[in-house]
Amino acid sequence: MSHTHYLTDAQADAFGRELDAIRDEIKASLGESDAAYIRRMIRIQRGLDIGGRALLFAGVLPPAWLAGTAMLSIAKILENMEVGHNVMHAQWDWMKDPKIHSTTWEWDTACPSDQWKHSHNYMHHTYTNVVGMDRDVGYGILRMSPQQPWRPWNLGQPVYNALLAGLFQYGVALHDVEFERVLEGKKTWRDAWARLKAIGRKTGRQTLKDYVLFPLLAGPFFLYVFSGNLVANFVRNLWAYTIIFCGHFPSGSHTFSAASVENESRGRWYLRQLLGSCNIKGGKVFHILSGNLSHQIEHHLFPDLPSNRYAEIAPRVQALCEQYGLPYNTGSLARQFGTTTWRVLRLSLPGGQSLEPQLA
Amino acid sequence: MADDRLPAATLNSARWLQRAAGALTWPLNPSDYLGALFADTAGGNAVVERIGHPTPDAVTLTLRVPRGFPRHRAGQFVRLGVDIDGVRHSRCYSIASAPERDDGCIEITAKAIAGGRVSAHLNELLRVGARLQIDAPAGDFVLPEWLPERLLFITAGSGITPVMGMLRSLDARGTVPEVTLVHAAPDAASMIYGDELAAFAARHPQVTLHRVYTRAQGRFDVSQLDAVCEGWAGCETWACGPDALLQQLEDHWQQAGIGARLHTERFRPRVPQAGDATAARVQFLRSARVVDGRGDQPVLDLAELNGLSPAHGCRMGICHGCTATLKSGCVRDLRNGKTFDEEGDLVQICVCAPIGDVEIDL
Ligand SMILES: Cc1cc2nc3c(=O)[nH]c(=O)nc-3n(C[C@H](O)[C@H](O)[C@H](O)COP(=O)(O)OP(=O)(O)OC[C@H]3O[C@@H](n4cnc5c(N)ncnc54)[C@H](O)[C@@H]3O)c2cc1C
Ligand code: FES
């Protein structure tokens, strides 16, 4: 698929200029209330974290265990999504607060932040949905585009997919090691090993905290705290997997060939971000819990604009798409997740060309 | 400071506890959680205790510093981080209080600059109880360990602040040597610390104070040196004020062959001239490389053209993989013309081009 289909070069440039104007306007309007937003979010997240962990110490009582686990799950979701992901995107760098800054942030998950910033901010956001360049297209284990050749081991895809969902934080952590590129000889073992060691160190500290220290602190209630943390991490994994897979793979989303991004103009880059990203409809709380990745299109057009602004940008982007006759892929969580899961299942078998959007 | 007096065992267990708490809050610090629970410490680590206006266009702030804040040397400054409209701006302010002050506070005085972002905020909008971020004191505009016999201070406007810190320190230590102080301001009403200086001179007969009111008397310059301080060449001299004055003094001391006896402090950052293809020069500090370029070339390109290979990603300003710290000078974001000129600004070198002389920590 090439994204030259929708717009002429001149149209793409004009489209890009309109988006640039939105970006500049929002950037110029950032101020005190935005700063207050992220600081409040961080306080809420830390409060939930403390409250959840405290309740888990009383985990012998089932309601306390349930409430504690729920609070900790939400805290971990907020920490990874609305706070961590977005801070590391440099969305809040404009505040120049070194404590809320992309260069200093470390998040509560197995993946070391510097590796994440490379694999995600650079590789994924620059080469979004370009088969062979954006490793989020299947994470090197799933066939997510009909443009990827089918191999017999793709038959096991439904199983790998379920494992990836449950163990998502470890899948993300191993992302930047790029095993298949090492096997292809495009990357050295030494480089991969250095990354693995960093991941090992980080995972070690995470494991120590959630599965050893906090449970030990609870003394006789070791198991309640241990199981609460296990469930919270699992819930966060499932949620993150769901939101992230819905960002680029629901029906109607485009994937691209490497050739189509050579000498790509800024306007075409915008266009590709639009065509490769999908939004999820929902209420305010849902948007926050998704880290505003429910506004995946806006996030991909403007990855470093603060997430609290995506909601107000969305109708403007949608209107622009209408004006230029471009698709704007949005739908309910059920629709987006359903069609994404269908794609995983369908592409475990050969073929699947019909999944590519039909051009009018 | 207080730590020295604790027994080793207590210290050890305190350290052990700290590490255990750190493992529980990893990847954050315990203090990050305490901040979330008990107080909104987001604005910074220092609290404004008192606000005074010594003159109509200056503000004196008494700041409560965090426990364990390093003691400054008289004459040093702190970098102050001030949140304005959600953005933290950093500016340097000399500490006007003596290091001997022991109530956990320091004092700074900021003069309102026309069109100045931070100084106007401090003067007009700051309230008691507000939080500011301060970093450890720095600077080598200080008194030496061994005091010379005769000291000369020449200051103008807000340039009195570091010298005030020195004088208060000498006073607190009870070792005031022979001092001549020349302090200039437009008139008596706008002279910062004028009354305190007069009282200081009155208490110490070995101190000679010359208050210069420039509106009536004209500017102070080197031609008046002999009149205010006979044998000035034999004095160790500290000067702080506008660039023109300091430049003149430096030339004068240099010509007299005693350049090393004059210590100066400048408040004013170099002013960049904006321009497109005008010549620019970038110093890459860590790799000790100086590169000549133009104001329309991204710093990343300049670095690569000259054999450096800074980390980067997209080269189009979206991934922030190329972010580097600006140490001095000014750069311009080629996408929107926005300029960055504060020390410590984090700039995307793939889309930022230099204006004039720039230092980058790379
Ligand atoms: C080591 C050091 C110590 C300092 N100590 C003090 C102090 O004790 N008290 C104090 O008031 N200031 C002090 N300053 C200056 C202070 O850091 C700020 O530069 C000053 O307050 C102006 O900041 P602003 O944000 O208000 O102005 P900005 O918004 O940064 O600048 C606005 C305009 O004013 C110009 N400008 C900047 N500084 C000055 C100046 N000093 N005089 C005239 N024009 C200027 C700028 O070029 C610009 O055009 C010190 C600076 C340094 C480097
Ligand atoms: S290289 Fe990606 S922002 Fe500069």
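Residues numbered from 1 in each chain as written. Chains lettered and ligands numbered in written order. Predicted model: local features only at pLDDT ≥ 70, side-chain atom pairs only at ≥ 80, totals over all residues. Heavy atoms only, no water.

- Looking at an unreviewed UniProt entry, one finds chain B named Ferredoxin-NADP reductase, with Sinimarinibacterium flocculans as its source organism.
- Under the Cofactor (unreviewed entry) heading, UniProt states for chain B: "FAD".
- UniProt annotates chain B under Sequence similarities (unreviewed entry) with the comment "In the N-terminal section; belongs to the FAD-binding oxidoreductase type 6 family." (UniProt positions renumbered as here; feature names shortened; annotations may be inferred.)

- The name given to chain A in an unreviewed UniProt entry is Linoleoyl-CoA desaturase, with Sinimarinibacterium flocculans as the source organism.

Observations concerning the nonpolar core
- Core analysis: the largest hydrophobic core is formed by 81 residues, its most contacted members being Phe15(A), Leu19(A), Phe245(A), Phe302(A) and Val317(A).
- Residues in contact with Leu19(A), not counting those within four places in the same chain, are Tyr270(A), Leu301(A), Phe302(A), Val317(A) and Leu320(A).
- Counting 25 residues, the second-largest nonpolar core is a separate cluster that includes Ala74(B), Val176(B), Ile192(B) and Trp238(B). (Core = buried A, V, L, I, M, F, W, Y, C linked by side-chain atoms within 4.5 Å. Buried < 20%, exposed > 50% of the residue type's maximum accessible area, 1.4 Å probe, protein only. Contact = heavy atoms within 4.5 Å.)

Notes on the sheet that holds strand E4 (residues 87-94) of chain B
Residue and element names in this part refer to chain B.
- Within the open sheet, the 6 strands sit side by side as E4-E3-E6-E1-E2-E5. Their pairing is antiparallel. The strands lining the two open edges of the sheet, one partner per strand, are E4 and strand E5 (105-111). Pairwise comparison of adjacent strand axes, ignoring direction, gives a mean angle of 40° for this sheet.
- Of the strand pairs in this sheet, strand E3 (residues 77-84) and strand E6 (residues 131-134) are connected by 2 bridges, and their pairing is antiparallel. Bridged to Gly81 within E6 is Gln133. (Pairing = 2+ DSSP bridges. Helix = DSSP H or I, 4+ residues; strand = E, 2+ residues; numbered from the N terminus. Axes fitted to C-alpha atoms, helices over the stretch in contact; angles between N-to-C directions.)

Details of the domain arrangement of chain B
- Split into domains, chain B comes out as domain 1 (27-134), domain 2 (150-266) and domain 3 (279-360).
- The centre of domain 2 of chain B, based on its C-alpha atoms, is set 40 Å off from the matching centre of domain 3 of chain B. (Domains from an automatic or database assignment.)

Concerning the site of ligand 1
All names here are of chain B.
- Taken together, the neighbourhood of ligand 1 is formed by 20 residues, with Arg91, Cys92, Tyr93, Ser119 and Thr161 sitting nearest.
- A distance of 2.8 Å is found between an oxygen atom of ligand 1 and a side-chain nitrogen or oxygen belonging to Thr161.
- With the chains in place, 77% of the 910 Å² that ligand 1 exposes on its own is no longer accessible.
- The biggest single contributor to the shell around ligand 1 is E4, with 4 residues.
- For the shell around ligand 1, the residue count by class is 7 nonpolar, 7 polar and 6 charged.
- Each of domain 1 (27-134) and domain 2 (150-266) accounts for three or more of the residues forming the shell around ligand 1. (Near = heavy atom within 4 Å. Polar contact = N/O pair within 3.5 Å; in protein donor to acceptor, adjacent residues only side chain to side chain. Areas by Shrake-Rupley, 256 points an atom, 1.4 Å probe, with all protein chains shown as cover. Nonpolar A, V, L, I, M, F, W, Y, C, P; charged D, E, K, R; others polar.)

A look at the packing of helix H4 (residues 160-173) of chain B against helix H5 (residues 194-203) of chain B
Residue and element names in this part refer to chain B.
- Where H4 contacts H5, the axes come no closer than 12 Å and their chain directions differ by 30°. In the crossing of H4 with H5, the sense of the turn from one axis to the other is left-handed. Contact with H4, carried on its side by Ile160, Met164, Leu167, Arg168 and Asp171, involves Glu196, Leu197, Phe200 and Arg203 of H5 and no other residues of that element.
- Partitioned by chemical class, the residues of the contact of H4 with H5 number 5 nonpolar, no polar and 4 charged. (Left-handed = near helix turned anticlockwise from the far one by under 90°.)

Here's the deal with the interface of chain A and chain B
- Listed by partner, the interface residues are 40 residues for chain A and 31 residues for chain B.
- Carbon and sulfur atoms supply 58% of the area buried between chain A and chain B, which totals about 3,200 Å² over both sides.
- Considering only the surface of chain A that becomes buried against chain B, Arg43(A), Arg46(A) and Lys96(A) emerge as the three largest contributors, covering 20% of it.
- Across the pair Glu342(B) and Lys96(A) runs a salt bridge, and its minimum N-O distance is 3.4 Å.
- Linking chain A to chain B there are 9 residue pairs in polar contact (both at pLDDT 80 or more).
- For the side of chain A that touches chain B, the secondary-structure elements that each account for two or more residues are helix H1 (9-29), helix H2 (32-57), helix H4 (113-126), helix H8 (189-217) and helix H10 (266-275) of chain A.
- Its residues assigned to classes, the side of chain A that touches chain B comprises 14 nonpolar, 8 polar and 18 charged. (Buried area = accessible area lost by both parts, 1.4 Å probe. Salt bridge = Lys/Arg side-chain N within 4 Å of Asp/Glu carboxyl O.)

Comments concerning the pairing of E5(B)
Residues and elements named next belong to chain B.
- When you tally the buried positions in E5, you get 6 out of 7 residues, the bulk of the element.
- For strand E2 (residues 58-64) and E5, the ladder comprises 7 bridges, and the chain directions are antiparallel. Across the sheet, the residue bridging to Ala58 is Lys111, located in E5.

Considering empty space enclosed by the protein
Residue and element names in this part refer to chain A.
- Enumeration over the complete set of coordinates arrives at 5 cavities of 30 Å³ or more.
- Considering only enclosed or pocket space, the largest cavity measures out at about 290 Å³ in volume.
- Forming the walls of the largest cavity are 24 residues, and the residues nearest its centre are Trp107, Trp116, Phe168, Ala240 and Ile244.
- Counting residues per element, the ones that place at least two in the lining of the largest cavity are helix H3 (62-88), H4, helix H6 (168-174), helix H9 (222-246) and helix H12 (296-301).
- Partitioned by chemical class, the residues of the lining of the largest cavity number 9 nonpolar, 13 polar and 2 charged.
- The element contributing the most residues to the lining of the second largest cavity is H2, with 3 residues.
- Across the lining of the second largest cavity, the residue classes break down as 4 nonpolar, 2 polar and 6 charged. (1 Å grid on protein atoms, 1.4 Å probe; cavity = no way out; pocket = protein on both sides within 12 Å on 5 of 7 lines; lining within 4 Å. Points joined across faces, edges and corners; volume = space filled by probe spheres on them.)

A word on a nonpolar patch on the surface
- A surface patch of nonpolar side chains, about 370 Å² in accessible area, is lined by Val159(A), Leu163(A), Leu167(A) and Tyr170(A).
- In this structure, Leu163(A) sits in helix H5 (residues 157-166). (Patch = residues over 30% accessible without salt bridge, like charges linked within 9 Å, V, L, I, M, F, W, Y side chains within 5 Å.)

Here's the deal with the packing of H8(A) against H9(A)
Residue and element names in this part refer to chain A.
- Direction vectors running N to C along H8 and H9 enclose 150°, while the axes themselves pass 8 Å from each other. Classified by the angle their axes make, H8 and H9 are roughly antiparallel. Every pair of crossing elements has a handedness; the one defined by H8 and H9 is right-handed. Contacts from Asp210, Tyr211, Val212, Phe214, Pro215 and Leu216 in H8 reach Phe222, Val225, Phe226, Asn229, Leu230 and Asn233 in H9. (Parallel < 35°, antiparallel > 145°, perpendicular 65-115°, else oblique.)

What to know about the sheet that holds strand E9 (residues 207-213) of chain B
Residues and elements named next belong to chain B.
- One open sheet holds the 5 strands; their spatial order is E9-E8-E7-E10-E11, and the pairing between them is parallel. Strand pairing shows two members of the sheet lacking a second neighbour, E9 and strand E11 (262-265), which therefore form its edges. Here the average twist between neighbouring strands, direction ignored, is 10°.
- In this structure, strand E8 (residues 178-185) lies alongside E9, joined through 7 bridges in parallel fashion. Paired with Leu181 across the strands is Leu209, a residue of E9.
- Each of E8 and E9 is contacted by H5, which is oriented at about 150° to E9, the strand it contacts most.

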